[in-house]
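Residue strings, one per chain:
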Amino acid sequence: MAARLFPAVKFVIKGGLAGAAVYVAYDQGLLGSGTQGAEALKKAQAALPPAIQEWTSYIGWELPPTPKFDFSPSDSWNKGVQTVMSALSVAPTRACEYTVEGWKYVKDLVK
């Protein structure tokens, strides 16, 4: 009986943890817009170092200071979207250029 019950309990615990992780991410605004994600990142950057410092002093470890990041997810997202759209807009022209170069190469080989 216990052999059959153990996998079910394990599945329920893992499902509960996964559901809780998704709920916390949604509650903190990580699944919203880029602006909400940036705000959540700023809150985490402000709250995490003091909490880690408190835990390490409690345990007795000494960690190096945390690096400072100036990172905006919304700016990175926008830069990526602009790069992809730029590549897609010049794709037909580049395809024609590469086709012409390929035909020239093949003609030179045939001569």
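Residues numbered from 1 in each chain as written. Predicted model: local features only at pLDDT ≥ 70, side-chain atom pairs only at ≥ 80, totals over all residues. Heavy atoms only, no water.

A. Layout of the overall build of the chain. For the chain, the count of helices and strands is 3 helices and 0 strands. Reading the secondary structure of the chain in the N-to-C direction produces α-α-α. Here the chain has a C-alpha radius of gyration of 26 Å; the compact-globule value for 111 residues is 13 Å, and the former is much larger. Each principal axis of the C-alpha atoms in the chain carries an extent, and together these give about 80 × 50 × 30 Å. By the burial criterion, 5% of the 111 residues in the chain qualify as buried. Of the roughly 10100 Å² of accessible surface on the chain, a fraction of 67% belongs to carbon and sulfur atoms. Computed over 11 positive and 9 negative side-chain charges, the inter-centroid distance for the chain is 11 Å. (Helix = DSSP H or I, 4+ residues; strand = E, 2+ residues; numbered from the N terminus. Rg over C-alpha atoms; globule rule 2.2 N^0.38 Å. Buried < 20%, exposed > 50% of the residue type's maximum accessible area, 1.4 Å probe, protein only. Areas by Shrake-Rupley, 256 points an atom, 1.4 Å probe, with all protein chains shown as cover. Lys, Arg positive; Asp, Glu negative; His and termini not counted. Charge placed at Lys NZ, Arg CZ, Asp CG, Glu CD.)

B. Here's a closer look at the pattern of salt bridges. Overall, the coordinates contain 1 salt bridge when judged by the stated rule. Among the ionic pairs, Arg 94 bridges to Glu 97, the shortest N-O distance being 3.9 Å. Here Arg 94 pairs with Glu 97, and both are found in helix 3 (residues 73-110), just 3 residues apart, close to one helical turn. The class of Arg 94 is partly exposed, set by a relative accessible area of 43%. (Salt bridge = Lys/Arg side-chain N within 4 Å of Asp/Glu carboxyl O.)

C. Seen up close, the side chain of Thr 56. You can see Thr 56 is positioned in helix 2 (residues 34-59). Residue Thr 56 is classed as buried on the basis of its relative accessible area, which comes to 7%. Excluding residues within four positions of it along the chain, Thr 56 makes contact with Trp 61 and Leu 63. (Contact = heavy atoms within 4.5 Å.)

D. How the structure looks around a nonpolar patch on the surface. Together, Trp 77, Val 81, Val 84, Met 85 and Leu 88 give the surface a local cluster of nonpolar side chains, amounting to about 530 Å² of exposed area. Among the secondary structure elements, Leu 88 is positioned in helix 3. Residue Leu 88 is classed as exposed on the basis of its relative accessible area, which comes to 55%. (Patch = residues over 30% accessible without salt bridge, like charges linked within 9 Å, V, L, I, M, F, W, Y side chains within 5 Å.)

E. Just helix 2, in detail. For helix 2, which comprises 26 residues, the first-to-last C-alpha distance of 36 Å matches the rise-based estimate of 38 Å (1.5 Å per residue) to within 8%. The sharpest bend along helix 2 reaches about 25° and sits at Leu 48, with the proline Pro 49 one to four residues further on. Among the residues of helix 2, Gly 37, Ala 38, Ala 40 and Thr 56 are the ones counted as buried. (Expected span 1.5 Å × (residues − 1). Bend = angle between axes of the 7 residues up to and from the residue.)

F. Geometry of the environment of Ala 46. Structurally, Ala 46 can be placed in helix 2. When its relative accessible area of 56% is taken as the criterion, Ala 46 is described as exposed. Measuring from C-alpha to C-alpha, the distance between Ala 46 and Lys 79 comes to 25 Å, with 33 residues separating the pair along the chain.

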